[in-house]
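Architecture at a glance
So you can see what is in the structure, the chains are spelled out below.
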Amino acid sequence: MPVLEARNLTYVFPDGTVALSDVSLKIGDGEFVILAGANGSGKTVFVRHLNGLLLPAQGGVTFDGVPITRNLAEVRRQIGLIFQDADSQIVGQTVAEDVAFGPENLHWSRDEVERAVERALAAVDLSGLSDQNPHTLSGGQKRRLAVAGVLAMNPRVLVFDEPFTGLDYRGVVQVLEQLVRLREAGQTVVLVTHELEKVLAHADRLVVFDRGKLVEDGEPADVIGRVETYGVRRPLKNGGEMGSLTWLR
């Protein structure tokens with residue numbers, strides 16, 4: 001049984017624009033899945049359905065075979081979404097307080113919260129910055145802090161929406177290193193990106209959206225030759241940015 005399954009999702013914006021049209025996708029436990037597509041293809045709208053931030057006009061999503069609408073609070077703990085704008089997820093006065101926010105709202109004991117914060121900060125290499133104001137962090141550090149805030153709640157699935165946007169090279173490497181560690185630890189990861197050169201070497205599957213429809217789904221080597229058909233830039237074979245980052249594989 002897949003950990004997540006979307007069945008026949010259709011979503012229509014208030015102005016009548018169809019954002020998703022009959023989209024179905026299964027995600028297995030421990031998979032690293034890339035969702036790609038041109039701007040407006042529906043990939044971000046799709047991932048916001050995975051934990052109930054958006055609800056479809058038709059179709060539905062199941063988590064471990066159970067409709068997510070049956071217990072949205074638990075689903076949102078188990079399926080953590082890291083937004084493109086990391087600043088929008090900062091709520092604490094210090095790094096540690098920010099990571100503690102989720103566990104505290106789950107009414108965990110003080111000891112449980114402290115252990116969760118320590119574990120999450122260690123996982124993203126931010127332990128030494130626990131007392132720092134999160135707004136003073138670099139872009140890459142803020143993205144890792146957002147990951148820590150989700151990891152603290154011990155989720156089954158992590159969903160990243162364009163995690164490299166706006167980062168300099170150092171920030172990109174920091175976030176990519178974190179993604180690789182999560183993959184190696186067996187974490188289920190769903191990653192929305194149009195920058196395939198940064199992550200394709202680490203993916204189990206490449207899924208492509210086009211004008212609200214899921215048009216490709218398979219192993220990256222099988223799909224990559226067709227991505228330009230849908231307005232997605234194909235990675236360089238040698239050199240360039242891809243060559244400078246594949247050492248993380």
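All values derive from a computational prediction rather than experimental measurement.

In terms of residue burial, strand β7 (residues 157-161) counts as a mostly covered element, since five of its five residues are buried. Burial of β7 is two-sided: the residues Val157, Val159 and Asp161 facing one way and the residues Leu158 and Phe160 facing the other way are all buried. Where strand β6 (residues 79-82) and β7 come together, four bridges link them in parallel fashion. Residue pairing for β7: Ile82 is matched across the bridge by Phe160. With five bridges joining them, β7 and strand β8 (residues 188-192) adopt parallel strand pairing.

Let us look at the pairing of strand β2 (residues 18-27). Examined bridge by bridge, strand β1 (residues 4-12) and β2 share six bridges and lie antiparallel to one another. Note that in β2 the partner of Leu9 across the bridge is Val23. Taking the residues between adjacent antiparallel strands as the criterion, β1 and β2 are bridged by five residues, where Gly16 takes a positive phi near 95 degrees.

Applying the stated criterion across every chain yields a total of 14 salt bridges. Among the salt bridges present, the one from Arg77 reaches Glu74, with a minimum N-O distance of 3.1 Å. Here Arg77 and its partner Glu74 are both found in helix α2 (residues 72-78), three residues apart, which amounts to about one turn of the helix. Residue class for Glu74 comes out partly exposed when judged on its relative accessible area of 33%. Where Asp210 meets Arg211, a salt bridge forms, and the shortest distance between an N and an O atom there is 3.3 Å.

Rules of the game
Residues numbered from 1 in each chain as written. Predicted model: local features only at pLDDT ≥ 70, side-chain atom pairs only at ≥ 80, totals over all residues. Heavy atoms only, no water. Buried < 20%, exposed > 50% of the residue type's maximum accessible area, 1.4 Å probe, protein only. Helix = DSSP H or I, 4+ residues; strand = E, 2+ residues; numbered from the N terminus. Pairing = 2+ DSSP bridges. Salt bridge = Lys/Arg side-chain N within 4 Å of Asp/Glu carboxyl O.

Worth remembering: the numbers are spatial, not functional.
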